[in-house]
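Listed here are the chains, written in short residue letters.
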Amino acid sequence: MDFDMIARYAPLLLQGLWATIYITALASVIAIGLGLAVSLLNATPFRAMRWLCRIYIEAMRGTPILIILFIIYYGGPSIGFTFDAEPTGIIGLGIYGGGYFAEIFRAGFQSIPEGHIEAAQMLGIPKSRIITRIKIPQMLTLIIPPVTNQVILLLKESAVLSIITVAELTKNTTGMVAETFAVVEPYVIVALLYWAVVESISFLGRYLERKISYA
Amino acid sequence: MDFIRIITNHYDALLTGAMMTALISGISICLGMVLGLNLAFGLISKHWPIQRFCAGYRSLLRGTPMLVQLFIVFYLLPKIGLDVPSIVAAIIALTMNTTAFQAEIYRGGLLTIPPGQVEAARMLGIKTQTIRIRIIIPQLFRLVLPSLVNETIAILKNSSLISVIAVTELMRTGQQIVAVTFRPLEVYIIAAGIYLTMNISLAKLGSFAEGRLAIGTRS
Amino acid sequence: MPDRNVNINEDVVAEPDVVIKTEGLQKNFGELRVLNEIDLEIRKSEVVCIIGPSGSGKSTLLRCIAFLEEYSEGRVFIEGKLLGYKVVHGTLVRESQSNINKVRRNVGMVFQQFNLWPHMTVLRNVTDALRVVKKMDRREAERIGLETLRKVGMEDKARYYPAQISGGQQQRAAIARALAMKPNVMLVDEPTSALDPELVGEVLQVIQDLASEGMTMAIVSHEMGFAANVADRVLFLDEGRIVEHGDPAQIFKNPQSQRLIQFLDTWKSREL
């Protein structure tokens, strides 16, 4: 364990860690927004729209993130999309995650007891209000665990962005390895860093759950 | 858009790549099943050191990126004297990863089996190992099949990462075809399509199996 | 762990007739004392019914005798052999699983929730232990299995799965499963409490038949009429202690203790 080496590369690794965190955060925002939109569109009465949503969701859940990134990063230019690695990575991760979040929201909407909605209808509350005042608040509590889970998944998948040269944590580690020839230690340290972030997100999720639940 | 031309010119490479992906994923999943079951029993063990160790393994393997795990295994093995081909390192890394996820799936299932069934078996004098094999595990698979199918799909997707340690599976095959055709968009879309096909087939197979297994349990 | 400082008599309990014996049996759940100083003896061919209010520890007592739960103090003897622990230099040490199984070999148990294995047919439920523990071949095991099922009236359902038969049928199958191993004593834990009322009778009939054939039994039950008919002795348990015991006539017609009188009163008022 060469502590000098670690000290020298600490800034690089921390920079990478920061990049990983904000990339994941941005991608999560995109993914949640996209997922919510798709899940609402999927509930419309238009069969074509539902069909499109279904295709999107299944495509994201059935394809590796690496290919999606490659399609956008290497294939994009041939149809006019030329982005830098980092924006590509964020957008790619966001689109990928959107499919998963759409499923989470769908399941969330479905698991609200029908009785609650019927009670609201009987009291004469209009449909739009039912959505905003009953469905969405209830759904929020139900979905905190899967949403937390999915954000953690996106964090872990963000490591794949290193393959399209995005300077996040894994890429910086690979850079460190190339310079120092110490192969195992850097990755182990970095693994622990990821692990620490993952555990923090889990912890945050459980805390949120407790604060929001009525128990 | 030369989709058709690319497919006809390179379909044998694509097929080989796809089979390699399927093979590597399959081996990892099967090994993961055996190890995962054992880990699951370790997770519910009353023997504190065992439980803690298993929980630690699960936490680490589920809480770190697959890519990083792959690098660690790939670079660590030669250092401890195991100079194995990339494909073996890939299988080891994938197996270690899926073991942790499968263990959690099995653990969830184990908790839903009524303890009374185990008690009845104990009173009849059946040994613990036999109880696990004849009574717990057969029920377990019916219970966890959906989650297991999801995990299989996840491993299949994760296998694309092993392209970075130069294993010629589907992803790497795609890269090689791109190097020849200079058509990244089409090639990668085709590769994506192949992954999608495999995964959707798996999901359908899973539903079918679920249906068949439910026959004995009409309640 | 049982009290290590009490002087343990290393001699095996000498009376050959006593199938189950407990001495000073105690079970604590943390602060709560669930079983307190239980001393009982059950002799060959005796049927002992254990009654009492909810939470009195009846099921716990049976489960401790079965060693499905570890007891905190005291000792349990099955056919004269100490169950669950062995004496090492004068103190009690927990036994290995295989030795526990050996002492417990001739004890059969029937559970409130039946606990049939859902992925096996009724016949396989009955024969599995015969094949795996007694190492019988399939033909022999099935012969004994079908014979036992015939005894409880379940022979025609042998190839059915538990989910396809009624609760009463499941319980009878569970009784057959325990019987097939030819136990010397049966522990029966609230056999009908999980059953719809109209299914209770068929199960009680099977148990009654077993009793009249001379099977040694310890039965925990809420069915007072059944206890009055079948039992040789009745134990009334309340808050972990045996408050009163005697033959059914004494217990039901002539209760002595206040608790028992109260308990029987609530029962009479329920039996409208």
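Residues numbered from 1 in each chain as written. Chains lettered and ligands numbered in written order. Predicted model: local features only at pLDDT ≥ 70, side-chain atom pairs only at ≥ 80, totals over all residues.

Student: An account of the interface of chain C and chain B is requested, with residue identities and associated values reported.
Tutor: Counting from both sides, the interface comprises 22 residues of chain C and, opposite them, 19 residues of chain B. Of all elements in the fold, only α2 (97–103), β8 (107–110) and α3 (122–132) of chain C reach the threshold of two or more residues within the side of chain C that touches chain B. Residue classes in the side of chain C that touches chain B are distributed as 13 nonpolar, 7 polar and 2 charged. (Contact = placed C-beta atoms within 7 Å. Helix = DSSP H or I, 4+ residues; strand = E, 2+ residues; numbered from the N terminus. Nonpolar A, V, L, I, M, F, W, Y, C, P; charged D, E, K, R; others polar.)

Student: How would you summarise the interface of chain B and chain A if you had to cite specific residues and measurements?
Tutor: Contacts between chain B and chain A engage 27 residues on the former and 28 residues on the latter. Going through the elements one at a time, α3 (66–79) and α8 (184–213) of chain B are the ones with two or more residues in the side of chain B that touches chain A. Of the residues belonging to the side of chain B that touches chain A, the class tally is 21 nonpolar, 4 polar and 2 charged.

Student: I'd like a rundown of the sheet that holds strand β2 (residues 32–43) of chain C, residues and numbers included.
Tutor: All names here are of chain C. Spatially, 4 strands are ordered β2-β1-β4-β5 in an open sheet, and the strand pairing comes out antiparallel. At either margin of the open sheet sits one strand with a lone partner, and together these are β2 and β5 (81–82). Where strand β1 (residues 18–29) and strand β4 (residues 73–78) come together, 5 bridges link them in antiparallel fashion. Within the sheet, the bridge partner assigned to Lys 21 lies in β4 and is Phe 77. (Pairing = 2+ DSSP bridges.)

Student: Mind laying out the sheet that holds strand β9 (residues 185–189) of chain C, listing which residues take part and the relevant values?
Tutor: Sheets are built from strands that pair by backbone hydrogen bonding, the pairs being arranged parallel or antiparallel. Residue and element names in this part refer to chain C. If you walk across this open sheet you meet the 6 strands as β8-β9-β10-β3-β11-β12, and the pairing is mixed. Where the open sheet ends on each side, the last strands, each with one partner, are β8 and β12 (241–246). Adjacent strand axes in the sheet meet at a mean angle of 20 degrees when their direction is disregarded. Pairing of β9 with strand β10 (residues 216–220) involves 5 bridges; the strand directions are parallel. Each bridged residue has a counterpart across the sheet, and for Val 185 the counterpart in β10 is Thr 216. With respect to the sheet, helix α1 (residues 58–65) is in contact with β3 (47–51), β9, β10 and β11 (233–238), its orientation differing from that of β10 by roughly 145 degrees. (Axes fitted to C-alpha atoms, helices over the stretch in contact; angles between N-to-C directions.)

Student: Now, about the nonpolar core: what can you tell me, with residues and values included?
Tutor: Where a protein is soluble and globular, its nonpolar side chains tend to be buried together. With 189 residues, the main nonpolar core has Ile67(A), Cys49(C), Ile50(C), Met217(C) and Ala218(C) as its most contacted residues. It is helix α4 (residues 86–112) of chain B that provides the largest number of residues to this core, a total of 13 residues. Setting aside anything within four residues of it in sequence, one finds Met217(C) in contact with Val47(C), Val185(C), Met186(C), Val188(C), Leu210(C) and Ala211(C). (Core = buried A, V, L, I, M, F, W, Y, C linked by C-beta atoms within 7 Å. Buried ≥ 20, exposed ≤ 12 C-beta atoms within 10 Å, placed from the backbone.)

Student: Kindly report on the confidence of the model for chain B, identifying the contributing residues and their values.
Tutor: This prediction gives chain B a mean pLDDT of 91; 97% of its residues lie at or above 70. Across chain B, the element-wise mean pLDDT spans from 90 in α8(B) up to 95 in α4(B). (pLDDT = per-residue confidence, 0-100.)

Student: Please provide a residue-by-residue account of the pairing of β3(C), values included.
Tutor: Residue and element names in this part refer to chain C. Along β3, 5 of the 5 residues are buried, which leaves the element largely enclosed by surrounding structure. The alternating pattern of β3 places Val 47, Cys 49 and Ile 51 and Val 48 and Ile 50 on opposite faces, both of which are buried. Here 4 bridges tie β3 to β10, and the two strands are oriented parallel to one another. Bridged to Ile 50 within β10 is Val 220. Where β3 meets β11, 4 bridges bridge the pair, whose relative direction is parallel. In the strand pairing of β11, Cys 49 is matched with Val 234.

Student: Residue-level account of unusual backbone geometry, with values.
Tutor: Residue Ala166(B) is not a glycine yet carries a positive backbone phi of 65 degrees. Mapped onto the elements, Ala166(B) comes out in the loop between α6 (128–158) and α7 (170–181). With phi around 60 degrees, Asn115(C) is a residue other than glycine that occupies positive phi space. With respect to the helices, strands and loops of the structure, Asn115(C) is situated in the loop between β8 and α3. According to the C-beta neighbour criterion, Asn115(C) is buried, with 24 such atoms within 10 Å.

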